[in-house]
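Architecture at a glance
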Amino acid sequence: AMVRALAAVAPAAAADLQVKWPNDVMVAGAKMVGISCEGHGGGLCLGTGVNVLRPAREVPLPGKNRAAYLQDYLPGADEATVGAAGDAFLDCFADVYRLWQQRGFAAFADEYRERHCLEGRAVKLTLPDGTVLGEGTVAGIDGDGRLLVREGAGLHPYASGEVHIL
């Protein structure tokens, strides 16, 4: 939904938008969107942050992704662009959510795979506390949206974790 919304608001960015499993939207190797998705009491809690406008003063964070901004793909972007991006996301999310309820991840698997930026990359998966879950080469996404990582002779599916590109 977020990729679709950003592509609608800034068509110049559409071809460059990629998904970094499980929850980031990247452009040219930089992070434009972070998405938090957690299950709570049988429901889903979703939060998202989009870098729309470049701040007057950027402060790089060591060990973190470089930031990308929608403004770089949308000349003349201003405060109204923030609302337009939010509105576009909500419209796309409503459509995507209905389809997800009916068909699950399978409805989006091909589109996700087309934009997935980790294929063939060496990665380490960790928990937020730093515990290492696995390390290997990304071999794709399965039908349930799990990250497939080749570790030695085995292929392991991961349903969650923080991905660090090695």
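Let us look at the structure shown here. (Residues numbered from 1 in each chain as written. Predicted model: local features only at pLDDT ≥ 70, side-chain atom pairs only at ≥ 80, totals over all residues. Heavy atoms only, no water.)

1. Overview of the environment of Met26
Its location among the elements puts Met26 in strand E2 (residues 24–27). Residues Met26 and Gly86, spaced 60 residues apart in sequence, show a C-alpha to C-alpha distance of 17 Å. Once residues lying within four places of it in the same chain are set aside, the contact partners of Met26 are Asp16, Leu17, Gln18, Lys20, Lys31, Met32, Asn65 and Cys117. (Helix = DSSP H or I, 4+ residues; strand = E, 2+ residues; numbered from the N terminus. Contact = heavy atoms within 4.5 Å.)

2. With respect to the pattern of salt bridges
Using the criterion set out here, one finds eight salt bridges in the structure. Of the charged contacts in the structure, one is a salt bridge between Asp24 and Lys31, with a shortest N-O distance of 3.3 Å. Taking the shortest distance from any N to any O, the salt bridge between Asp72 and Arg54 comes out at 2.5 Å. With Asp72 in the loop between strand E4 (43–50) and helix H2 (79–103) and Arg54 in the loop between E4 and H2, this pair connects stretches of sequence that are 18 residues apart. For Asp72, a relative accessible area of 46% gives the class partly exposed. Here Arg54 falls in the partly exposed class, since its relative accessible area comes to 35%. One network of salt bridges, with partners in common, ties together Lys20, Asp24 and Lys31. (Salt bridge = Lys/Arg side-chain N within 4 Å of Asp/Glu carboxyl O. Buried < 20%, exposed > 50% of the residue type's maximum accessible area, 1.4 Å probe, protein only.)

3. Observations regarding the sheet that holds strand E5 (residues 122–126)
Sheet strands pair via backbone hydrogen bonds, and the direction of the pair is either parallel or antiparallel. Spatially, the five strands line up as an open sheet ordered E8-E7-E6-E5-E9, and their pairing is antiparallel. Here the strands that pair on one side only, and so sit at the sheet edges, are strand E8 (154–158) and strand E9 (162–165). Strand-to-strand, the axes of this sheet are offset by a mean angle of 45°, without reference to chain direction. Pairing of strand E6 (residues 132–141) with strand E7 (residues 147–151), which is carried by four bridges, proceeds in the antiparallel orientation. Opposite Gly140, over in E7, you have Leu148 as the bridge partner. (Pairing = 2+ DSSP bridges. Axes fitted to C-alpha atoms, helices over the stretch in contact; angles between N-to-C directions.)

4. Side note on helix H1 (residues 2–9)
The α-helix advances 3.6 residues per turn, and as a result positions three or four apart in sequence lie on the same side. Across the eight residues of H1, six count as buried, placing the element largely inside the fold. Among the residues of H1, those classed as buried are Met2, Val3, Ala5, Leu6, Ala7 and Val9. Where H1 is buried, its residues contact strand E1 (17–20), E2, strand E3 (30–40), E4, H2 and helix H3 (109–115).

5. A look at H2
With 25 residues, H2 extends 36 Å between its outermost C-alpha atoms, agreeing within 8% with the 36 Å of an ideal straight helix rising 1.5 Å per residue. Among the residues making up H2, those that are buried are Thr81, Ala85, Ala88, Phe89, Cys92 and Val96. If you follow the buried residues of H2, they end up packed against H1 and E4. Where H2 starts, the residue carrying a side-chain oxygen 3.0 Å from the main-chain nitrogen of Ala80 turns out to be Asp78. Downstream of H2 by one or two residues, Gly104 has phi in the positive range, about 70°. (Expected span 1.5 Å × (residues − 1). Polar contact = N/O pair within 3.5 Å; in protein donor to acceptor, adjacent residues only side chain to side chain.)

6. Describing unusual backbone geometry
Here the residue pair Trp21 and Pro22 is connected by a cis peptide bond, since its omega of 0° sits within 30 degrees of zero. For Pro22, the position within the fold is in the loop between E1 and E2. Here the phi dihedral of Ala28 falls at roughly 50°; this positive angle occurs in a residue that is not glycine. Considering the arrangement of structural elements, one finds Ala28 in the loop between E2 and E3. Residue class for Ala28 comes out exposed when judged on its relative accessible area of 56%.

Nothing here speaks to function; it is all geometry.
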